[in-house]
Amino acid sequence: GAVVSQHPSWVICKSGTSVKIECRSLDFQATTMFWYRQFPKQSLMLMATSNEGSKATYEQGVEKDKFLINHASLTLSTLTVTSAHPEDSSFYICSASTSGNTEAFFGQGTRLTVV
Amino acid sequence: SQQGEEDPQALSIQEGENATMNCSYKTSINNLQWYRQNSGRGLVHLILIRSNEREKHSGRLRVTLDTSKKSSSLLITASRAADTASYFCASLGYSSASKIIFGSGTRLSIRP
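What counts, and at which threshold
- Here the residue numbers are simple positions, counted from 1 along each chain's written sequence.
- The lettering of chains begins at A and the numbering of ligands begins at 1, in the order of writing.
- Reporting in this predicted model follows two pLDDT cut-offs: at least 70 for local features of residues, and 80 or more for side-chain atom pairs to be given and counted; totals over whole chains, interfaces and linings ignore these cut-offs and use all residues.
- Side-chain metrics in this entry use all non-hydrogen atoms of the structure; hydrogen atoms and water are not considered.
- Here, a strand pair is defined by DSSP locating no fewer than two bridges between the strands.
- Secondary structure elements follow DSSP: runs of H or I of four or more residues count as helices, runs of E of two or more count as strands, with numbering from the N terminus.
- All axes are obtained by fitting lines to C-alpha atoms, using only the stretch in contact for helices, and the reported angles, taken between N-to-C directions, cover 0 to 180 degrees.
- When two cysteine sulfur atoms are found within 2.5 Å, that pair is recorded as a disulfide.
- Note on classification: 1.4 Å probe, protein chains only; a residue is buried when its accessible area is under 20% of the maximum for its type, exposed when over 50%, partly exposed between these limits.

1. Details of the sheet that holds strand β8 (residues 76–81) of chain A
Residues and elements named next belong to chain A. Taken in spatial order, the 4 strands make up an open sheet running β1-β3-β8-β7, and their pairing is antiparallel. Of all strands in the sheet, those with a lone pairing partner are β1 (4–7) and β7 (67–73), marking the two edges. Sheet twist, expressed as the average angle between the axes of neighbouring strands with direction ignored, equals 15°. Strand direction decides the pairing type here: β1 and strand β3 (residues 19–25), joined by 4 bridges, are antiparallel. Its bridge partner lying in β3, S5 is registered against R24.

Here it is, written out as structure tokens:
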């Protein structure tokens, strides 16, 4: 099956710093990528949808200036958590789908801890 | 809420018994997928069922889909301790702008 690589798998950062998470589709072209956040014992909540070469579409309640998403190529999307706060500590997962959007493939997730 | 609903929220059964989880979604779908997630880990894709399919099997897994009721079920037969995990359904709509929306999840515990 298609492989999506997410990096890093975990990161600890200080409050006020920025953290970048990468999501790469290794063996297919991802026209659309999705970013999710998951708090402990909860489900995955969609944060934003990005299409290659265009601005991301953010879900209601997600601050676009805080969670910067870049989808500059068909194999790479990045999520940057700017000025991180402890409440941003969460599990972030990306997903990539191909043209036609018939199936999505997930990265292994990034556990972010802000101290 | 963007989420679909799953029930039960938590399920505890004896090893060897069957486990059934249900999922409801809100909009018309292209397909629906089921995932397993062990605590603190990433998602493991279990099975995908398309909107024109009613039932699908994969090993000990059986998935049904009822598009008229906008619901799906996941049956795990002959459960094992290793099946202990959270299970999520994820629905995908038709258009190129569709989002993948997750259900609220079921936490399954298998008692030895």
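2. Looking at the state of the cysteines
For the structure shown, the criterion picks out 2 disulfides over all chains. With a sulfur-sulfur separation of 2.0 Å, C23 of chain B is cross-linked through a disulfide to C89 of chain B. On the sign convention where negative means left-handed, the S-S torsion of about 75° between C23 of chain B and C89 of chain B marks this disulfide as right-handed. Linking C23 of chain B in strand β3 (residues 19–24) with C89 of chain B in strand β9 (residues 85–92), this pair joins segments that are 66 residues apart in sequence. Just as C23 of chain B is buried, C89 of chain B falls in that class too. The cysteine C13 of chain A is free of any disulfide, with C94 of chain A supplying the nearest cysteine sulfur at 18 Å. With relative accessibility at 8%, the residue C13 of chain A sits in the buried group.

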